[in-house]
Amino acid sequence: MLQISRNLQTKLSQIGINNLDELMAIGYLEAFSRLRLILSGISFKELFLLYSLVNQIEYQKLSEDLKSVLIEEFRQLPPRHKPLAVETINKYLMIAEELAYQAKDVGEIPIGALIVENDQIIGKGFNQTRSHNDILAHAEIEAIREAQKFKQNFRLNNCDLYVTIEPCLMCSGAIINSRIRRLVFGAREPKTGACVSQFQSFNNIEVNHHCEVIGPVDQNKYSQLLTDFFRNKLPTI
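Residues numbered from 1 in each chain as written. Predicted model: local features only at pLDDT ≥ 70, side-chain atom pairs only at ≥ 80, totals over all residues. Heavy atoms only, no water.

**Considering the pairing of strand β2 (residues 120–126)**
In the sheet, strand β1 (residues 112–117) pairs with β2 via six bridges, with the strands oriented antiparallel. Directly across from V116, in β2, lies its bridge partner I121. Between β1 and β2, which pair antiparallel in sequence order, lie two residues; one of them, N118, sits at a positive phi of approximately 50 degrees. (Pairing = 2+ DSSP bridges. Helix = DSSP H or I, 4+ residues; strand = E, 2+ residues; numbered from the N terminus.)

Next comes the structure, spelled out in structure tokens:
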């Protein structure tokens, strides 16, 4: 039976895989994805070695065609980035929530968003569709516009967008087209949400850019302000 080499085992131990059984349970693609996240210098050779171990096929017997298939299989996976700390997520969503309250204070639907690059906020926004008579003035769009102006670039690679409520179809398209790296949202929007609720815009592997999506982070907490807003809008009987 093929066994993990000492060199590969040293690497796998850093992602919590300590033996062949654990590798087989996780799978070669997941193991390779985790290695790429935390270690520099990981090449596709490790992918081929992991595949060999999981399937108990000698590495030397892998054909070039199979190697090409494995590489393509990996590239079809959703984007993966180094995990965000819970503290980081909560910090920026709290700021987004403060922006949502600013929207509420001026009679707008209370949703707030911000964009972060290298732990610096480079764009903020809250809903201003009524104030500006502009259907495009959603929180996410306002934050994207401000970040693009800050960077003097319409591309927002390596930027993360935090928003209190799941983006709609329009905002999801803007997030993809601006090349935002990661989207973090607080609560689902069951009627118009385009991440997981009504549409799954970020699951299309055919688009040019793939954005990692994290959420809902805390459905009850981040949906409450929106729920209260619309409840208060209802006429009393």
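Alright, that's what it looks like, and here's the rest.
**With respect to empty space enclosed by the protein**
According to the stated counting rule, one finds one cavity of 30 Å³ or more in the structure shown. Looking at the largest cavity, its volume works out to about 30 Å³. Contributing to the lining of the largest cavity are E97, A100, P110, T164, K221, Y222 and L225. Taken together, the elements giving at least two residues each to the lining of the largest cavity come down to α6 (86–105) and α10 (219–233). Among the elements that make up the lining of the largest cavity, the one with the highest residue count is α10 (three residues). By residue class, the composition of the lining of the largest cavity is four nonpolar, one polar and two charged. (1 Å grid on protein atoms, 1.4 Å probe; cavity = no way out; pocket = protein on both sides within 12 Å on 5 of 7 lines; lining within 4 Å. Points joined across faces, edges and corners; volume = space filled by probe spheres on them. Nonpolar A, V, L, I, M, F, W, Y, C, P; charged D, E, K, R; others polar.)

**Considering the layout of surface pockets**
By volume, the largest pocket amounts to about 480 Å³. Forming the boundary of the largest pocket are 22 residues, of which I111, E189, T192, L226 and F230 lie nearest the centre. Looking at the lining of the largest pocket, the elements that each hand over two or more residues are α7 (129–132) and α10. The element that contributes the greatest number of residues to the lining of the largest pocket is α10, accounting for five residues. Looking at the lining of the largest pocket residue by residue, the class counts come to nine nonpolar, seven polar and six charged. Quantified by volume, the second largest pocket comes out at close to 420 Å³. Only α3 (28–38) and α5 (64–75) provide two or more residues apiece to the lining of the second largest pocket. Here the lining of the second largest pocket gets three residues from one element, more than from any other, and that element is α3. Tallied by class, the residues present in the lining of the second largest pocket amount to five nonpolar, six polar and five charged.

**Focus on the side chain of T129**
By the element assignment, T129 lies in helix α7. Under the relative-accessibility criterion, T129 is labelled buried at 16%. Not counting residues within four places of it along the chain, the set of residues in contact with T129 comprises E108, D134, I135, A137 and H138. (Buried < 20%, exposed > 50% of the residue type's maximum accessible area, 1.4 Å probe, protein only. Contact = heavy atoms within 4.5 Å.)

**Focus on the nonpolar core**
Core analysis: the largest hydrophobic core is formed by 35 residues, its most contacted members being I115, L161, I175, I180 and L183. Counting residues per element, this core draws most heavily on α6, at six residues. By size, the runner-up hydrophobic cluster in this structure holds 25 residues, among which are L23, L47, L70 and F74. (Core = buried A, V, L, I, M, F, W, Y, C linked by side-chain atoms within 4.5 Å.)

**Some details on the packing of helix α4 (residues 44–55) against α5**
It is at 10 Å that the axes of α4 and α5 come closest, and there the two elements cross at 105 degrees. With respect to α5, the axis of α4 lies roughly perpendicular. Along its contact with α4, which presents F44, L47, F48 and Y51, the element α5 presents L66, K67, L70, I71, F74 and R75. Of the residues belonging to the contact of α4 with α5, the class tally is eight nonpolar, no polar and two charged. (Axes fitted to C-alpha atoms, helices over the stretch in contact; angles between N-to-C directions. Parallel < 35°, antiparallel > 145°, perpendicular 65-115°, else oblique.)

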